[in-house]
Amino acid sequence: MKVMAQLAMVMNLDKCIGCHTCSVTCKQAWTNRSGTEYVWFNNVETRPGQGYPRTYEDQERWRGGWIRDSRGRVRLRDGGRFAKLARIFSNPKMPSIDDYYQPWTYDYDNLTDAPLGEHIPVATPRSLISGEPMKVEWSANWDDNLGGSPTIVPDDPILKKVGEQVKLEFEQTFMFYLPRICEHCLNPSCVASCPSGAMYKRTEDGIVLVDQDRCRGWRMCVSGCPYKKVYFNHKTGKAEKCTFCYPRVEVGLPTVCSETCVGRLRYIGLVLYDVDRVLEAASVENDTDLYGAQRNVLLDPKDPEVIAGARAEGISDEWIEAAQRSPVYDLISTYRVALPLHPEYRTMPMVWYVPPLSPVVDAVSREGHDGEDIGNLFGALDALRIPVAYLAELFTAGDTGVVEAVLRRLAAMRSYMRDINLGRETRPEIPESVGMSEEQIYAMYRLLALAKYDERYVIPTAYAVEGHRLEETATDCALSYEGGPGMYDSGPFGEASGAPVPVAVENFHALAQRQTSEGLGANAANPSRVNLLNWDGKGVPTGMFPGGRDGDGDRR
């Protein structure tokens, strides 16, 4: 057993309202420059729908991910090194800009510069790539709210896999939102597809990144990723992808998409896994067994043998303790309500989802029945058409039994908590019916419904020792720490910054201890500079006013 650590995320789809705040803030932070106009490291899809890029889940067309051959080995669906070498200068198995969308802006100058005429001038759309006038026909979430469903939604690759009755009656079923980022897989096909070795998976936390210096723009990673979450920057000629906001998580802060999520549906935590069992789990014969195989790769962080193995691999006690408090591990393994996205791609994704239950409750309530009664809920799960079949194609390679078990646990939690909220006696038979104890189902409720910031994001820091020396940035948020002054005061950062590091990072938590101590930050042992925007005049480092005051602020 070789223990390794992996940062992972779980999203509770019951809470997603499709506001796209996560997408917008991610784009502003990471892809707001030339060449990335069409790039969305985080996007929110409406289901049923074709997704982004269009029909990316149709691997017969795009040939992403892994497949199991007749010898029981996993190999790239898109072919090995010789197949890639044969088409290294022309790669047809890749979405075109039309499968994404041609980004556009508006000709606002026409509003002020148009000659006098009979009609009011309008700001027509222009391509951000060619600059020519264009007609807007597609974008990152054209499927939103089932818009244009008679012609668009039937092309949903998942909808094509389920029964004909579902396809004929999907307008009468339901829709839900599916936020997506890079899966940071345990067995990433994008890394295996890269001819230049520019794609790599960090050993310390499992984040998959692109070495921009080594990238040669072959774009095999775009073809190899079945989720199509690797993008090509046509300006720089390099591949780019979601970085899991590694500058933030290194100092214990959540990703930008998680930090700004309106519905508080995201959970980030550390999981420990046995790297020696990854290939075995990815090679199981039946696609429907992949979910269970992947869950079995994850190790119990409270097991003494696992703890000893983690320490033997150099994983610190701080990280082991973070894994023991991980909300991600609890949702995946303890409560078993989180499911991976498309396990049949055999990449072993590490962004998991709690499937939505709300449509089930609504369906029961529309018939005039009690939507949260345990008997009605369990009956509705068996009767509904698309929820189980469609969700199973998304999360369990078509195994409806696993999805039904998850939905039953969520339904049991709602019914059990209803008795508590109404002041009635609890019914132990409700959690027992789904194989849980009363303590477990209440703890699951608190995590899914009431979890606070520090419970949703349990992120060990990479700079535990040197965190007090990290450089401040102008984008830091100085809002809330215990006893903090609020938004418009001097903030928790004080007057001085620590010594600079190679990358500037958000470092609220890293600097909070130093700046709330009794000593003045500007009079630290080795102050590198004074942040004049935050400086309140109290601390003055030596040499700031030559010939005026010394380091204690006294006149010379």
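Parameters at a glance
Residues numbered from 1 in each chain as written. Predicted model: local features only at pLDDT ≥ 70, side-chain atom pairs only at ≥ 80, totals over all residues. Heavy atoms only, no water. UniProt positions renumbered as here; feature names shortened; annotations may be inferred. Helix = DSSP H or I, 4+ residues; strand = E, 2+ residues; numbered from the N terminus. Buried < 20%, exposed > 50% of the residue type's maximum accessible area, 1.4 Å probe, protein only. Areas by Shrake-Rupley, 256 points an atom, 1.4 Å probe, with all protein chains shown as cover. Patch = residues over 30% accessible without salt bridge, like charges linked within 9 Å, V, L, I, M, F, W, Y side chains within 5 Å. Salt bridge = Lys/Arg side-chain N within 4 Å of Asp/Glu carboxyl O. pLDDT = per-residue confidence, 0-100. Contact = heavy atoms within 4.5 Å. Phe/Tyr/Trp six-rings, centres within 6.5 Å; stacked < 30°, edge-to-face > 60°. Lys NZ or Arg CZ within 6 Å of the ring centre and 35° of its normal. Pairing = 2+ DSSP bridges. Polar contact = N/O pair within 3.5 Å; in protein donor to acceptor, adjacent residues only side chain to side chain. Axes fitted to C-alpha atoms, helices over the stretch in contact; angles between N-to-C directions. Parallel < 35°, antiparallel > 145°, perpendicular 65-115°, else oblique. Nonpolar A, V, L, I, M, F, W, Y, C, P; charged D, E, K, R; others polar.

- Under an unreviewed UniProt entry, the name given to the protein chain is Nitrate reductase beta subunit, and the source organism is Rhodococcus gordoniae.
- What UniProt states about the protein chain under its Subcellular location (unreviewed entry) heading is, verbatim, "Cell envelope".

1. Looking at the overall build of the protein chain
Part 1 of the reasoning: From N to C terminus, the protein chain includes 23 helices and 17 strands.
Part 2 of the reasoning: Of all 556 residues assigned to the protein chain, the portion counted as buried reaches 53%.
Part 3 of the reasoning: Of the roughly 25,400 Å² of accessible surface on the protein chain, 50% is carried by carbon and sulfur atoms.

2. Re helix H15 (residues 327-334)
Part 1 of the reasoning: Counting buried residues along H15, six of its eight residues qualify, which places the element largely inside the surrounding structure.
Part 2 of the reasoning: For H15, the set of buried residues is Pro327, Val328, Tyr329, Leu331, Ile332 and Ser333.
Part 3 of the reasoning: Backbone geometry just after H15 places Arg336 at a positive phi near 55°.

3. Here's the deal with a nonpolar patch on the surface
Part 1 of the reasoning: On the surface, Tyr106, Tyr108 and Leu111 cluster together into a nonpolar patch covering about 310 Å² of accessible area.
Part 2 of the reasoning: Within the secondary structure, Tyr108 sits in the loop between strand S5 (104-106) and helix H5 (109-113).

4. Some remarks on the confidence of the model for the protein chain
Part 1 of the reasoning: Here the protein chain averages 82 in pLDDT, and 74% of its residues register 70 or above.
Part 2 of the reasoning: Counting contacts from residues 464-528, a segment whose pLDDT is below 50, to residues more than four positions away or on other chains yields 115 contacts.

5. Here we look at the pattern of salt bridges
Part 1 of the reasoning: Overall, the coordinates contain 21 salt bridges when judged by the stated rule.
Part 2 of the reasoning: Among the salt bridges present, the one from Arg47 reaches Asp156, with a minimum N-O distance of 3.8 Å. Remark: Asp156 occurs in the loop between strand S6 (125-127) and helix H6 (164-168) and Arg47 occurs in strand S2 (residues 43-47); sequence separation between them is 109 residues. Each member of the pair, Arg47 together with Asp156, is buried.
Part 3 of the reasoning: The salt bridge partner of Arg126 is Asp107, with a shortest N-O separation of 3.3 Å.

6. Things to note about the packing of aromatic side chains
Part 1 of the reasoning: Under the defined criterion, the tally for this structure stands at 16 aromatic pairs.
Part 2 of the reasoning: Geometrically, the ring pair formed by Tyr100 and Tyr231 is tilted, given 5.9 Å between the ring centres and 50° between the ring planes. Of the two residues, Tyr100 is situated in helix H4 (residues 97-100) and Tyr231 in strand S10 (residues 230-233); the sequence distance between them amounts to 131 residues. A single burial state applies to Tyr100 and to Tyr231, both of which are buried.
Part 3 of the reasoning: Ring centres of Tyr101 and Trp104 lie 6.0 Å apart, and the angle between their planes is 80°; this geometry places the pair in the edge-to-face category.
Part 4 of the reasoning: One aromatic cluster in this structure is built from Tyr38, Phe41, Tyr52, Tyr100, Tyr101, Trp104 and Tyr231.
Part 5 of the reasoning: One cation-aromatic arrangement involves Arg180 over Tyr56; the distance from NZ or CZ to the ring centre is 3.9 Å.
Part 6 of the reasoning: The positively charged end of Arg219 is found above the aromatic ring belonging to Phe232, 4.3 Å away from the centroid.

7. Some points on the pairing of strand S1 (residues 3-12)
Part 1 of the reasoning: Most of S1 is tucked away: 10 of the 10 residues are buried.
Part 2 of the reasoning: Side chains Val3, Ala5, Leu7, Met9 and Met11 of S1 all project onto a buried face; the interleaved residues Met4, Gln6, Ala8, Val10 and Asn12 project onto the opposite face, where all are buried too.
Part 3 of the reasoning: Relative to strand S12 (residues 266-274), S1 is paired through nine bridges, and the arrangement is antiparallel. In the sheet register, Leu7 faces S12, and the bridge partner there is Leu270.
Part 4 of the reasoning: Where S1 meets strand S15 (residues 351-354), four bridges bridge the pair, whose relative direction is parallel. Across the sheet, Met11 pairs through a bridge with Tyr353, a residue of S15.

8. Looking at the sheet that holds S1
Part 1 of the reasoning: Taken together, the five strands give an open sheet; going across it, the order is S13-S12-S1-S15-S14, and neighbouring strands pair in mixed fashion. Strands at the two margins of the open sheet, each flanked by one partner only, are strand S13 (298-299) and strand S14 (339-340).
Part 2 of the reasoning: Summarising the sheet, S12 and S13 pair through two bridges and their orientation is antiparallel. Its bridge partner lying in S13, Tyr273 is registered against Leu298.

9. Some remarks on the environment of Asp113
Part 1 of the reasoning: Tracing the sequence through the fold places Asp113 in helix H5.
Part 2 of the reasoning: Among the polar contacts listed, one links the side chain of Asp113 to the side chain of Thr112, at a separation of 3.3 Å.

10. Brief notes about the side chain of Arg87
Part 1 of the reasoning: Inspection of the secondary structure assignment puts Arg87 in the loop between helix H3 (81-86) and H4.
Part 2 of the reasoning: Residue Arg87 is classed as buried on the basis of its relative accessible area of 16%.
Part 3 of the reasoning: Here Ala83 takes part through its backbone oxygen, which lies 3.3 Å from a polar atom of the side chain of Arg87.
Part 4 of the reasoning: Ignoring any residue separated from it by four or fewer positions in sequence, one finds Arg87 in contact with Asp78, Pro92 and Met220.

11. What about the side chain of Asp205?
Part 1 of the reasoning: Examined against the element boundaries, Asp205 turns out to sit in the loop between strand S8 (199-201) and strand S9 (208-210).
Part 2 of the reasoning: Within the local environment of Asp205, its side chain forms a polar contact with the side chain of Arg202, the two groups lying 2.6 Å apart.
Part 3 of the reasoning: Aside from chain neighbours lying at most four places away, what touches Asp205 is Ala5, Gln6, Leu7 and Trp319.

12. Things to note about the packing of helix H19 (residues 400-421) against helix H21 (residues 438-450)
Part 1 of the reasoning: Viewed as axis vectors pointing N to C, H19 and H21 meet at an angle of 95°, and their least axial separation amounts to 10 Å. As the angle between them shows, H19 and H21 are arranged roughly perpendicular. Between H19, through Arg409, Leu410, Ala412, Met413, Tyr416, Met417 and Ile420, and H21, the contact on the second element is made entirely by Glu438, Ile441, Tyr442, Met444, Tyr445 and Leu448.
Part 2 of the reasoning: Classifying every residue of the contact of H19 with H21 gives 11 nonpolar, no polar and two charged.

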